[in-house]
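Residue-level listing of the chains:
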Amino acid sequence: MLKFVLNQKIQFVLVRPSHPGNIGAVARAIATMGFDQLALVSPSEHPHPESRARSSAALDVLLNASVHNDLEDAIGDSGYVVGTTARNRRISVPVSPIRDFVDEIVRISDKQKISIVFGPETSGLSNEEIDRCNHLVYIPSGEKYSSLNLAMAVQVVAYEIKMSLSPDEKIIPDRNLASGQEMELFYEHLKEVLLETGFLNPRNPKQLMRRLRALFNRAELDENEVNIMRGILTSYQKPKE
Ligand code: SAH
């Protein structure tokens, strides 16, 4: 059975979100990436039927969200605060593209709680709110239009953090790779046929066979595929009628 471990060290904070739909979509965005800590600072309407609907199966994340009067209160127990911004702001807080900063977010979150703060849909974070941040991140965008929808910005940031937390995550194919013995029998068979057809030089068979081995080893053949290859080889060996 799979054990799902939720990351509770990273908190997503929405400052004065004005659309309940966005709040619900944010709950879903973070839940799908393995997070559940959502904080809302003065949401215009919460909870709301629209946010419930948009949260889909992440209703628990939405309903468990903490609600605060100001940013100060929401980040009170965070040792580090990262702000997000669509605009290039002339301020002294250091700014990085999110991908360049996620490893640092993950490293910091190992030791202490960290808040990732998102601004209101229309205006973004105020300068005072930006001043509360240790670092700013942005999602690189097209030149003409850099402002993503709030929930989409949260999705991208949560995804980047998730990938940094488990970069090796791959979908492991559910197939039985051919055994070493099966592969050896295949290479023998291949060599036999290539000698028969004259493609392989009998005086120097090693060079080509090594390259063919490298080729098929890269392909990671499964048992079925080796059988197909053996069948093809056998079909060459049958006398043509
Ligand atoms: N008009 C506002 C953007 C508000 S979008 C402005 O120019 O700042 C609402 C929030 O989504 C932003 O405050 C930010 O938290 C997030 N966001 C949107 N686009 C983003 C981007 N390209 N990079 C990082 N965060 C972004």
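Residues numbered from 1 in each chain as written. Predicted model: local features only at pLDDT ≥ 70, side-chain atom pairs only at ≥ 80, totals over all residues. Heavy atoms only, no water.

(A) Focus on unusual backbone geometry. For the bond from His46 to Pro47, the omega torsion is -15°, close enough to zero to count as cis. Secondary-structure assignment places Pro47 in the loop between strand 2 (35-41) and helix 2 (49-55). Backbone geometry places Ser56, a non-glycine residue, at a positive phi of 55°. Note that Ser56 resides in the loop between helix 2 and helix 3 (59-63). Classification of Ser56 by relative accessible area gives partly exposed; the value is 41%. (Helix = DSSP H or I, 4+ residues; strand = E, 2+ residues; numbered from the N terminus. Buried < 20%, exposed > 50% of the residue type's maximum accessible area, 1.4 Å probe, protein only.)

(B) A look at the domain arrangement of the protein. Split by domain assignment, the protein resolves into domain 1 (10-165) and domain 2 (180-237). Taken over C-alpha atoms, the centre of domain 1 sits 55 Å from the centre of domain 2. (Domains from an automatic or database assignment.)

(C) View of the side chain of Gln11. Looking at where Gln11 falls in the secondary structure, it is placed in strand 1 (residues 7-15). Accessibility expressed as a relative area gives 4% for Gln11, which makes it buried. Side-chain polar atoms of Gln11 contact the side chain of Ser115, separated by 2.8 Å. (Polar contact = N/O pair within 3.5 Å; in protein donor to acceptor, adjacent residues only side chain to side chain.)

(D) Geometry of the sheet that holds strand 1. Read from one edge to the other, the open sheet built from 7 strands follows the order 3-2-1-6-4-7-5, with strand pairing classed as parallel. The open sheet has two edge strands with one neighbour each: strand 3 (66-68) and strand 5 (95-97). Here the strands of the sheet are splayed against their neighbours by 25° on average, with no regard to which way each runs. In the sheet, strand 4 (residues 80-84) pairs with strand 7 (residues 135-138) via 3 bridges, with the strands oriented parallel. (Pairing = 2+ DSSP bridges. Axes fitted to C-alpha atoms, helices over the stretch in contact; angles between N-to-C directions.)

(E) Main features of helix 8 (residues 180-197). Compared with an ideal rise of 1.5 Å per residue, which puts 18 residues at 26 Å, helix 8 spans 26 Å between its outermost C-alpha atoms and is within 8% of the ideal. Of the positions making up helix 8, those classed as buried are Met183, Phe186, Tyr187, His189, Leu190, Val193 and Leu194. Taken end-on, helix 8 shows its buried residues confined to a sector of 165°, consistent with a single buried face. More than 90 degrees from the buried face of helix 8, the exposed residues found are Gln181 and Glu196. Just downstream of helix 8, Gly198 is the residue with a positive phi angle, here 90°. (Expected span 1.5 Å × (residues − 1). Arc of directions from axis to C-beta.)

(F) Local environment of the site of the ligand. Lining the immediate environment of the ligand, one finds 18 residues, of which Thr84, Arg87, Ile139, Ser146 and Leu148 sit closest. The backbone of Gly119 places a nitrogen or oxygen atom 3.0 Å from an oxygen atom of the ligand. Residue Leu148 places a main-chain N or O atom 2.9 Å away from a nitrogen atom belonging to the ligand. Protein contacts shield 94% of the accessible area of the ligand, which totals 540 Å² for the unbound molecule. Using a 2 Å cut-off from the grid points, one finds that the ligand occupies the largest pocket. When grouped by side-chain class, the residues that make up the shell around the ligand number 8 nonpolar, 8 polar and 2 charged. (Near = heavy atom within 4 Å. Areas by Shrake-Rupley, 256 points an atom, 1.4 Å probe, with all protein chains shown as cover. 1 Å grid on protein atoms, 1.4 Å probe; cavity = no way out; pocket = protein on both sides within 12 Å on 5 of 7 lines; lining within 4 Å. Sits in = over half its atoms within 2 Å of the grid points. Nonpolar A, V, L, I, M, F, W, Y, C, P; charged D, E, K, R; others polar.)

(G) Just the side chain of His135, in detail. Tracing the backbone shows His135 in strand 7. Once residues within four sequence positions are removed from consideration, His135 is found in contact with Tyr80, Val81, Val82, Gly83, Val93, Pro94, Val95, Ser96 and Phe101. (Contact = heavy atoms within 4.5 Å.)

(H) A look at a nonpolar patch on the surface. On the surface, a nonpolar cluster with roughly 320 Å² of combined accessible area is contributed by Ile228, Ile232 and Tyr236. Relative to the helices and strands, Ile228 is located in helix 10 (residues 223-237). (Patch = residues over 30% accessible without salt bridge, like charges linked within 9 Å, V, L, I, M, F, W, Y side chains within 5 Å. Salt bridge = Lys/Arg side-chain N within 4 Å of Asp/Glu carboxyl O.)

(I) Looking closely at the nonpolar core. Ranked by size, the top nonpolar core spans 37 residues in total, and within it Phe12, Leu38, Ile116 and Ile161 carry the most contacts. Within the residue set of this core, elements represented by two or more residues are strand 1, helix 1 (20-32), strand 2, helix 3, strand 4, helix 5 (98-109), strand 6 (114-118) and helix 7 (150-165). When residues of this core are assigned to their parent elements, the largest contribution, 7 residues, is made by helix 7. When sequence neighbours within four positions are dropped, the list of residues in contact with Leu38 reads Phe12, Leu14, Val26, Ala27, Ile30, Val61, Ala65 and Ser66. (Core = buried A, V, L, I, M, F, W, Y, C linked by side-chain atoms within 4.5 Å.)

(J) Just the pattern of salt bridges, in detail. Overall, the coordinates contain 7 salt bridges when judged by the stated rule. Here Arg16 makes a salt bridge to Glu129, at a shortest N to O gap of 2.5 Å. One end of the pair, Arg16, is in the loop between strand 1 and helix 1; the other, Glu129, is in helix 6 (residues 127-131), and 113 residues separate them in sequence. The partly exposed category is assigned to Arg16, whose relative accessible area is 33%. Judged by relative accessible area, Glu129 falls into the buried class, the value being 10%.

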